[in-house]
Amino acid sequence: MAVPVDLTQGQRDAIAACVVDRWVRLKNARTQKEYLWQESIYAFDCKFGETWGEIADNRSHRYIPIAFQTVETAVAQYLQGTMPNDRFFKVLGRTPTDQYKAGSQEALLRWQMYRTDFRQQYFKFLKMAATTGNVPWTIQWRTEQTPVPDREAMQMAQMSEMQFGPDKEFTSALDSAGTGFPSKMATTFEGPSLVVGDIFNFVIDRAPDDPRQAFRIYRTLQTAEFIRNEWGQMTDSNGEPLYKDLDKLQNGMFENRESSDALKKVMDSAMGFQPLPKDRCELLTFCGDLVLGAEYGEPTIYRNVFGVIGNRQFLLRFGTNPHAHGLPPWQMFGLIPDPQDMYGYSRGVIEPMLGIQDLVNVRANQSADANAIAINPPLAVVADGITNTRQIVWGPGE
């Protein structure tokens, strides 16, 4: 069904409820998979997972970084095989006269890659793929601006001063700015940029009717002020605003809504971080084929749509996919696909070797504990408050 131009409030509420319900169901269906991703991240960061929670403090806690070294070696090989350096490609002209233009195009492409940190983003992409096996990614249009001197405004002010006398408003504006010269915003960079997402905030339908248009949702947290500033002035070809109900968004505590938020906090704590909570708005960006069942009113299928829901209540944007390529903007890469789940979630390099990593850690720490006990055997002492165990020193036997 084609997306209607004007949706009724009932239709907007039904779409928002359907998308939120799909998000919750798809997240709950992969709870155990997220625990495997958590253990894989622990293994890469050389931290013990849940299986080590009951180990006594006086036991050995040495971690043998096999998983870390495996990922680093695999990613280095992947990166070396695809992008050994910043000059991993060359543009050739079809004719000798085209060679000059080809050289200019090659220099432009390298400059674009440098400004967007493409090689660094690609390195992050490969490392996440090797760790969890799944990486959501998209290409976003990025624009950078910086203030530059406005020479035309300065010349016009000087000409006006020569003809009609000094412009008091212009002079006072310069004095208040403290620059002595008017400025304007100039675009320093504009182009596509690779964005690597977080697999914990991305879900996708594992059994779609059309795999190319599988329904998917990506979750982000932004402040209401940032959203209104970035999206408030966007309009479509008819001059209508692309985003509606932005004034209804209110910042709130949405960082602890999902079970994966708690997992990420535990992982941050293990890495030595204690992030402070921040009031934000929750955005669910969805795309693909949206199917509304009978529980949401009249059964409807919207093909290849794109939309955004704010705080799981307000349908901020909904319409046909605006991208020229016709594909959902958010895609997911799987490193080692499961033969029984070709379009679902894949495995990384670490997941198949979690058992080996645990075995190596257990044996190494058991050997360390056994040697420590052999050198310094335990001693039973009556806790009568008289014997000071810190003064007992073991010496070599005869």
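Only a predicted model underlies this, so the values are computations on that prediction, with no experimental measurement involved.

What counts, and where the lines are drawn
- Residues numbered from 1 in each chain as written.
- Predicted model: local features only at pLDDT ≥ 70, side-chain atom pairs only at ≥ 80, totals over all residues.
- Heavy atoms only, no water.
- Core = buried A, V, L, I, M, F, W, Y, C linked by side-chain atoms within 4.5 Å.
- Buried < 20%, exposed > 50% of the residue type's maximum accessible area, 1.4 Å probe, protein only.
- Helix = DSSP H or I, 4+ residues; strand = E, 2+ residues; numbered from the N terminus.
- Axes fitted to C-alpha atoms, helices over the stretch in contact; angles between N-to-C directions.
- Parallel < 35°, antiparallel > 145°, perpendicular 65-115°, else oblique.
- Left-handed = near helix turned anticlockwise from the far one by under 90°.
- Contact = heavy atoms within 4.5 Å.
- Nonpolar A, V, L, I, M, F, W, Y, C, P; charged D, E, K, R; others polar.
- Pairing = 2+ DSSP bridges.

Caption draft 1: Molecular detail of the nonpolar core. Core analysis: the biggest nonpolar cluster contains 36 residues, and Ile15, Phe286, Leu290 and Phe318 have the highest contact counts within it. Mapped by element, the contributors of at least two residues to this core are helix H1 (9-28), helix H2 (31-44), strand S3 (202-204), strand S4 (216-222), helix H9 (259-270), strand S5 (281-292), strand S6 (300-310) and strand S7 (314-320). Looking at this core, the element that brings in the most residues is H1, giving eight residues. If you look at the next biggest cluster of nonpolar residues, it comprises 22 residues, including Phe44, Tyr63, Ala67 and Val135.

Caption draft 2: Broad picture of the packing of H2 against H9. One can describe the packing of H2 onto H9 by two numbers: an axis separation of 11 Å at closest approach and a directional angle of 10 degrees. By the criterion of interaxial angle, the relationship of H2 to H9 is roughly parallel. H2 and H9 meet at a crossing whose hand is right-handed. For the pair H2 and H9, contact is made by Glu34, Tyr35, Gln38, Ile41 and Tyr42 and by Ser259, Ser260, Leu263, Val266, Met267 and Ala270, respectively. The residue inventory of the contact of H2 with H9, partitioned by class, reads seven nonpolar, three polar and one charged.

Caption draft 3: Main features of the sheet that holds strand S8 (residues 331-334). Spatial strand order, S2-S1-S8: three strands in an open sheet with antiparallel pairing. Strands with a single pairing partner mark the edges of an open sheet, and in this sheet they are strand S2 (183-196) and S8. Between one strand axis and the next, the sheet turns by 30 degrees as a mean value, whatever way the strands run.

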